[in-house]
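A closer look at the structure
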Amino acid sequence: MKKTTIAAMAGLLVFTAACTTTNPYTGQQQISKTAGGAAIGAGVGALAGLAAGGDDRRNALIGAGIGALAGGAIGNFMDRQEADLRAQLASTGVSVTRVGNNIILNMPSNITFATDQDQVIPAFYSTLDSVAIVLRKYNQTLIDIYGHTDSTGSDSYNQALSQRRANAVLSYLTTQGVNQQRMVATGFGESRPIADNSTEAGRAQNRRVEIQIVPLS
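Here we summarise the structure given alongside this text. (Residues numbered from 1 in each chain as written. Predicted model: local features only at pLDDT ≥ 70, side-chain atom pairs only at ≥ 80, totals over all residues. Heavy atoms only, no water.)

Let's talk about unusual backbone geometry
This is how the line gets drawn: Runs of H or I in DSSP of at least four residues are treated as helices and runs of E of at least two as strands, each being numbered from the N terminus.
One non-glycine residue with positive phi stands out, namely Ser-91, at about 70 degrees. Structurally, Ser-91 can be placed in the loop between α4 (72-89) and β3 (95-99). The phi torsion at Asp-116 lies on the positive side, around 65 degrees, for a residue other than glycine. In this fold, Asp-116 is placed in the loop between α5 (109-112) and α6 (125-137).

This is the structure in structure tokens:
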């Protein structure tokens, strides 16, 4: 089994090294999502059975009849979803970032929540409605909702606030028809800053909710 696995991984690395393309958004070279996905699909047979258990959400969705993506279909599926999200969220203040085959939506707290509050601002409902439209359309994904704060206040307070905010976004998306089985909300408090907490501009960037969209595979 070990020899089979090593051979499969070696072949996968050789194949994907040759399958590069230019990212249309950044202009940088990267592994072609379609070709790279096909290479991954080709190695699945040798790797099958090595990972026991798995994500409970994945198992529940597959059990409910939502098929998993495989091979080149993954990149194509996420490409189309990314394009739809960019179209829906243009000029909303929500950024769309592609990391491999994952998509991350960054929602600054100034457009999602009032200061020190954990209820979504009514003015942001329409933006979350747009997100829900795309998530319902592309239902072969898992959705992680992450809450973050700046460093103002105690660790325990920030942790609780970030969890409540992540929960609020999950609850709203559920009311808009997004399958709750696909979603998990997690609060990280002040532990994952993306900017300098010593400045107001940095703290504003750190106060955010992120939605990570991962293909069901």
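A few points about helix α7 (residues 155-175)
For clarity, the threshold we go by: Multiplying 1.5 Å by the helix residue count minus one yields the expected span of that helix. Only protein chains enter the calculation, and the probe is 1.4 Å; a residue is then buried if its accessible area is under 20% of its type maximum, exposed if over 50%, and partly exposed in between. Any two residues whose heavy atoms approach within 4.5 Å at even a single point are treated as in contact.
Compared with the 30 Å implied by 1.5 Å per residue over 21 residues, the 31 Å span of α7 between its first and last C-alpha is a close match. Taken as a whole, α7 has its buried residues at Asn-158, Leu-161, Ser-162, Arg-165, Ala-166, Ala-168, Val-169, Leu-170, Tyr-172 and Leu-173. The inward-facing, buried residues of α7 abut α5, α6, β5 (141-148), β6 (183-187) and β7 (208-215).

A word on the pairing of β7
This is how it is decided: Following DSSP output, two strands are said to pair if at least two bridges run between them.
With 7 of 8 residues buried, β7 is to be regarded as a mostly interior element. One ladder, built from 6 bridges, connects strand β4 (residues 102-108) with β7; its direction is antiparallel. Along β7, the bridge assignment pairs Met-107 with Val-209. Direction of pairing for β5 relative to β7: antiparallel, over a ladder of 8 bridges. Following the sheet pairing, Asp-144 is matched in β7 by Gln-212.

Notes on the sheet that holds β6
For clarity, the cut-off: A fitted line through C-alpha atoms represents every axis, and for helices the fit uses only the stretch in contact; the resulting angles, taken between N-to-C directions, go from 0 to 180 degrees.
Pairing within the open sheet is mixed, and its 5 strands lie in the order β3-β4-β7-β5-β6. What marks the edges here is a single partner per strand, and that holds for β3 and β6. Adjacent strand axes in the sheet meet at a mean angle of 20 degrees when their direction is disregarded. Relative to the sheet, helix α3 (residues 56-63) contacts β5 and β6, its axis offset from that of β5 by approximately 145 degrees. Contacts from α6 reach β4, β5 and β7 within the one sheet, and its direction differs from that of β4 by about 170 degrees.

Details of the side chain of Arg-208
Rule in force here: Side-chain atoms alone can form a polar contact between residues adjacent in sequence; in general such a contact is a pair of N or O atoms within 3.5 Å, and within protein one must be able to donate a hydrogen while the other accepts it.
Turning to its location among the elements, Arg-208 is positioned in strand β7. You can call Arg-208 buried: its relative accessible area is 3%. From its side chain, Arg-208 meets the backbone oxygen of Arg-192 in a polar contact 2.8 Å long. Beyond its immediate chain neighbours, meaning those up to four positions away, Arg-208 contacts Asn-106, Met-107, Pro-108, Ser-109, Tyr-146, Gly-147, His-148, Arg-192 and Ile-194.

Quick notes on the nonpolar core
One recurring pattern in soluble globular proteins: nonpolar side chains tend to sit buried together. Worth spelling out the cut-off: Put simply, buried Ala, Val, Leu, Ile, Met, Phe, Trp, Tyr and Cys residues joined by side-chain atoms within 4.5 Å make one nonpolar core.
Counting 34 residues, the largest nonpolar core has Leu-105, Ile-145, Val-169, Leu-173 and Ile-211 as the members making the most contacts within it. The set of elements that each furnish at least two residues to this core consists of α4, β4, α6, β5, α7, β6 and β7. A total of 6 residues in this core trace back to one element, the largest contributor, which is α7. Leaving out residues up to four positions away in the same chain, Leu-173 has contacts with Leu-128, Val-131, Ala-132, Leu-135, Ile-145, Val-178, Met-183 and Ile-211.

Function cannot be inferred from these measures alone, as they are strictly geometric.
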